[in-house]
Amino acid sequence: MPPLLCLPPLLLDHSFPRDRDQLDIVLSALGEIEAYLQEEKCYLLNTDVFADFVESIDWSNPLSYPKIQIIYDFLARLYLQPSRNVLHFVFPNTEVTDPHPLPVKSGTSELSDLWSHEMAIILQFHDTVSNPFFVGIACPYAFDGQEIDTYPQTEQRKFPLVGQNDLQILEDAFDWIVPSEIFNQEVSFYLAKKNCFKLGAEEVEEPSGGSHYKVRFKGRRPWVLDPNNDPIPKAYLEELKTITGYSLGVIKMILIHGEIPKRRSKLYLYISSSETIK
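As the structure is a prediction and not an experimental result, all values here were calculated from the model.

S.K.: Hey, could you go over the side chain of N46 for me, with residue numbers and the actual values?
M.R.: Inspection of the secondary structure puts N46 in strand 2 (residues 43-46). Using a relative accessible area of 3% as the deciding quantity, one classes N46 as buried. Among the polar contacts listed, one links the side chain of N46 to the side chain of H88, at a separation of 3.4 Å. Beyond its immediate sequence surroundings of up to four residues, N46 is in contact with A51, Y79, V86, L87, H88 and F89.

S.K.: Residues and numbers for the packing of helix 2 (residues 20-38) against helix 4 (residues 65-79), please.
M.R.: Put simply, helix 2 and helix 4 touch, their axes get as near as 10 Å, and they point 30° apart. Where helix 2 crosses over helix 4, the handedness of that crossing is left-handed. The segment helix 2 lies against helix 4, with R20, L23, D24, V26, L27, L30, E34 and L37 engaging K67, I68, I70, I71, F74, L75, R77 and L78. Broken down by class, the residue content of the contact of helix 2 with helix 4 amounts to 11 nonpolar, no polar and 5 charged.

S.K.: Give me the lowdown on empty space enclosed by the protein, citing residues and values where you can.
M.R.: The tally for this structure, following the rule as stated, stands at 2 cavities of 30 Å³ or more. A volume near 40 Å³ is recorded for the largest cavity. Lining the largest cavity are P8, L10, P103, K105, S106, C139, P140, Y141, D149 and L161. Considered class by class, the residues forming the lining of the largest cavity number 7 nonpolar, 1 polar and 2 charged. Within this model, the second largest cavity holds a volume of roughly 30 Å³. Taken together, P17, R18, D58, N61, S64 and I68 make up the full set of residues lining the second largest cavity. Class assignment of the residues belonging to the lining of the second largest cavity gives a composition of 2 nonpolar, 2 polar and 2 charged.

S.K.: Kindly report on the pattern of salt bridges, identifying the contributing residues and their values.
M.R.: Tallying each qualifying case throughout the model produces 8 salt bridges. A salt bridge links D127 to R157, with the nearest nitrogen and oxygen atoms 2.7 Å apart. Here R157 lies in the loop between helix 6 (140-143) and strand 5 (161-162) and D127 lies in helix 5 (residues 112-129), a separation of 30 residues in the sequence. Classification of D127 as partly exposed rests on a relative accessible area of 32%. Given a relative accessible area of 30%, R157 falls into the partly exposed group. As a salt-bridge pair, D172 and R263 come within 2.1 Å of each other at their nearest N and O atoms. In this pair, D172 sits in the loop between strand 5 and strand 6 (174-176) while R263 sits in strand 10 (residues 263-265), placing the two residues 91 residues apart along the sequence. Of the two residues, D172 and R263, both sit in the buried class.

The rules behind each value
Numbers given to residues run from 1 along each chain, matching the order in which its sequence is written. This being a predicted model, a pLDDT of at least 70 is required before a residue's local features are given, and a value of 80 or more before pairs of side-chain atoms are given or counted; all residues contribute to the totals for chains, interfaces and linings. Derived side-chain values reflect all non-hydrogen atoms in the structure, with water molecules and hydrogen atoms excluded from consideration. Counting from the N terminus, the helices are the DSSP runs of H or I reaching at least four residues and the strands are the DSSP runs of E reaching at least two. When a residue's accessible area, from a 1.4 Å probe over protein chains only, is under 20% of the maximum for its type it is buried; when over 50% it is exposed; and in between it is partly exposed. Counting of polar contacts relies on pairs of N or O atoms within 3.5 Å, with two restrictions inside protein: one atom must be capable of donating a hydrogen and the other of accepting it, and residues adjacent in sequence are counted only when both atoms are side-chain atoms. Contacts are assigned to residue pairs that have any heavy atoms within 4.5 Å of one another. Throughout, an axis means a line fitted to C-alpha atoms (over the contacting stretch in the case of helices), and angles, computed between N-to-C directions, take values from 0 to 180 degrees. If you view the pair so one helix is near and one far, a crossing is left-handed when the near helix is turned anticlockwise from the far one by less than a right angle, and right-handed when it is turned clockwise. By the convention adopted, Pro, Cys, Tyr, Trp, Phe, Met, Ile, Leu, Val and Ala count as nonpolar, Lys, Arg, Asp and Glu as charged, and the other residues, Gly among them, as polar. Think of a 1 Å grid over just the protein atoms. A cavity is a set of points where a 1.4 Å probe fits yet cannot get out, a pocket is an open set with protein on both sides within 12 Å along at least five of seven lines, and lining residues have an atom within 4 Å of a point. Grid points are joined across faces, edges and corners, and a volume is the space filled by probe spheres set on the points. Counted as salt bridges are all cases of a side-chain nitrogen of Lys or Arg within 4 Å of a carboxyl oxygen of Asp or Glu.

Limitation: the analysis is restricted to geometry and does not speak to function.
Pasting the structure below:
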């Protein structure tokens, strides 16, 4: 399930000229990140300040113009136009005392302090929702296939730097919207047999003898259904958690109602209302 990523200063802040090697890394990393966004392996988190970064691009170096134009076009699509893969964080009134550390190789500009301030606020509200991280900083070097960047040595809590091979260290950034009453409802044999395909089942094998139906999932062990166990015992439904990867509430919602519930960002209280439901 997708985590949220924030772009670091090296990718986002072009308020001063960068050398050609840096621009090559930025272009390569942005291309990889765009592919991950299209495949919904991650989402981006935006703020008003991050959008301002895009409008602060330095066009003064004519040698870098073609690459800067491509970078600008990419960032403008994400941060200046509505995008289903980008969630806009709306800051409540709050203060932070410690700025978020900057990645070592990001470089500094007048906008670096703003980036650190924004990330410190996001971290503050992230931690009211979850201790395990579901937001990470996209490391341009790691997304370019190089060694991942680091932070200055500090005990301060900070978002992890991640590349395409590190996304699994982040938690899912979205919660399923499941009504609480679903946990008290029972799943009949008929509904389980009918709606198991919405859970990813490929076939329901009729019993060759006895009363056991085998519900088959690709690459997973079969799940046994038996009309003699009607409604389906909770212990049997629990087996589907390992098979499907869904929580019990989602499993019951799908089997009872035949539909996959909607999801919303764990930071939905601070996300623009039009972007809370995924």
